[in-house]
Amino acid sequence: MAKIIIAGGSGMLGKELRKKLVSENHEVVILSRNKSICKQSSDHIYWNPEKQWIDPNVFVSTDVLINLCGSNISQGRWTSQRKKELLESRIIPIHFLVDVFKRHQIRIPKILQASAIGIYGRQDIESVDESTRVSSTDFLSNLCLQWEKSGTLLRPYCDQLSLVRIGVVLDKQEGMLAKIASTSGFKFIACFGKGRETLSWISGTDFCNIVSKLIDVVEIPNIINLVSPHWTTYSSFYLQLKHFFKVPFLLRLPEFLGKWIFGEMFVLLNYNQKVKSKNLTNMNYQFIHPSLEDFLKK
Ligand SMILES: NC(=O)c1ccc[n+]([C@@H]2O[C@H](COP(=O)([O-])OP(=O)(O)OC[C@H]3O[C@@H](n4cnc5c(N)ncnc54)[C@H](OP(=O)(O)O)[C@@H]3O)[C@@H](O)[C@H]2O)c1
């Protein structure tokens, strides 16, 4: 049994992870800025990185810190103010943690710092893996680069640090799938463009299982991609969803309409990425949902 702190653990990924880790008898503490959740639930502890507030005693005897903090990139139009929020919600908590660890001489054995496969940018031809050189090619890749650069500042305060580059996490109840499902009530699923672009994804179950495995293994990789071994094209993705939600048709909308509705954030709906995970292969991780078909069936 380990003591695990999940900073930013009140969101979609943190909630599932907390359930999984508690079921494995770990002691889980969630750091959240939400005072009412913290009052209701004894394993949620209030902190506020912007206001520099935390009780440092929360870190006593902590074995693993998982930092998932970051405002949701699919919420709100990407105005310059929103872009600033997306960046600051990721780097301010890291800088605050570094500051607290330094001031109180805290050392955590293992830190898993969230990042995203957005760091690879849009990849029109090649597939990428953890050894691929990354550079700033658009807003998402630049955001992730700055996020990871801040993440590495945690290294002096832990024995092992892993930057966990997460793919699009599919969950039947929340996130991207839930948003798509909301149009299925109208007997169609809305989709954009020709659908040739590829989506690199992972199921919520595999995400939680892999994090659990990273907690247990003796040595964690410096960087790890969390993606299923089979990426999918958007056209296949939408077709499979059409069958899954039992809707009669797909409503294919022109790209210009998507750009008009979502602005720059439209890239999230057709970001072309073929991401592989060499390190998951090396860990010999057996996926519960290796393909989209498996995920929708089980
Ligand atoms: N879901 C995906 O498909 C996916 C894919 C790739 C990467 N990721 C990354 O994984 C992380 C977790 O994703 P998620 O889907 O669980 O996100 P989520 O549901 O939006 O939850 C994000 C969490 O971050 C915390 N947070 C937000 N703004 C913050 C701020 N300014 N300061 C401190 N904490 C803040 C929130 O905690 P409180 O409000 O309780 O403080 C919340 O629990 C995010 O960093 C996300 O970018 C997710």
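The structure this text deals with has already been given above.
Novice: What am I meant to see in the overall build of the protein here?
Specialist: Counting its regular elements, the protein contains 10 helices and 13 strands. Against the compact-globule benchmark of 19 Å for 298 residues, the protein has a radius of gyration of 19 Å, which places it among compact chains. With the C-alpha coordinates of the protein rotated into their principal frame, the extents come out at 55 × 40 × 40 Å. Across the 298 residues of the protein, 35% fall into the buried class. Contacts in the protein between residues at least 24 apart in sequence constitute 78% of all its contacts with a sequence separation of at least 6.

Novice: Help me understand helix α4 (residues 139-151) in this model?
Specialist: Side chains three or four residues apart in an α-helix point the same way, a direct result of the helix having 3.6 residues per turn. A rise of 1.5 Å per residue sets the reference length of α4, with its 13 residues, at 18 Å; its end C-alpha atoms lie 18 Å apart and thus fit the reference within 8%. In this structure, the buried residues of α4 make contact with α3 (80-103), β5 (108-116) and β6 (158-166).

Novice: It is not clear to me how the packing of α3 against α4 should be interpreted in this structure. Could you clarify?
Specialist: How two helices pack is summed up by the angle between their axes together with the distance between the axes. Running from amino to carboxyl end, α3 crosses α4 at an angle of 15°, the nearest separation of the two axes being 9 Å. Relative to α4, α3 is oriented roughly parallel. The handedness of the crossing between α3 and α4 is right-handed. Mapping the contact onto sequence places Lys-83, Leu-86, Leu-87, Arg-90, Ile-91, Ile-94 and His-95 in α3 and Phe-139, Leu-143, Gln-146, Trp-147, Ser-150 and Gly-151 in α4. Per-class residue counts for the contact of α3 with α4 are 7 nonpolar, 4 polar and 2 charged.

Novice: Explain the nonpolar core here, please?
Specialist: Nonpolar side chains tend toward joint burial in soluble globular proteins. Core analysis: the largest hydrophobic core is formed by 69 residues, its most contacted members being Ile-6, Ile-66, Ile-166, Phe-207, Val-211 and Leu-226. Discounting residues that sit within four places of it in the chain, Ile-6 has contacts with Gly-14, Leu-17, Arg-18, Val-28, Ile-30, Ile-66 and Leu-68.

Novice: I would appreciate a short explanation of the site of the ligand in the present structure.
Specialist: The ligand sits among 24 residues. The nearest are Gly-8, Gly-11, Ser-32, Gly-70 and Ser-89. Within the residue set of the shell around the ligand, elements represented by two or more residues are α1 (12-23), α3, β5 and β7 (168-170). It is α1 that contributes the most residues to the shell around the ligand, 3 residues altogether. Among the residues forming the shell around the ligand, the class breakdown is 12 nonpolar, 11 polar and 1 charged.

Novice: It is not clear to me how the environment of Lys-242 should be interpreted in this structure. Could you clarify?
Specialist: Assignment of secondary structure puts Lys-242 in helix α7 (residues 234-244). Its 17 C-beta neighbours within 10 Å are what place Lys-242 among the partly exposed residues. In this view, Lys-242 contacts Ile-189, Val-247 and Leu-250; residues no more than four positions away in its chain are not counted.

So, how was this worked out
- Residues numbered from 1 in each chain as written.
- Predicted model: local features only at pLDDT ≥ 70, side-chain atom pairs only at ≥ 80, totals over all residues.
- Helix = DSSP H or I, 4+ residues; strand = E, 2+ residues; numbered from the N terminus.
- Rg over C-alpha atoms; globule rule 2.2 N^0.38 Å.
- Buried ≥ 20, exposed ≤ 12 C-beta atoms within 10 Å, placed from the backbone.
- Contact = placed C-beta atoms within 7 Å.
- Expected span 1.5 Å × (residues − 1).
- Axes fitted to C-alpha atoms, helices over the stretch in contact; angles between N-to-C directions.
- Parallel < 35°, antiparallel > 145°, perpendicular 65-115°, else oblique.
- Left-handed = near helix turned anticlockwise from the far one by under 90°.
- Nonpolar A, V, L, I, M, F, W, Y, C, P; charged D, E, K, R; others polar.
- Core = buried A, V, L, I, M, F, W, Y, C linked by C-beta atoms within 7 Å.
- Near = placed C-beta within 6 Å.

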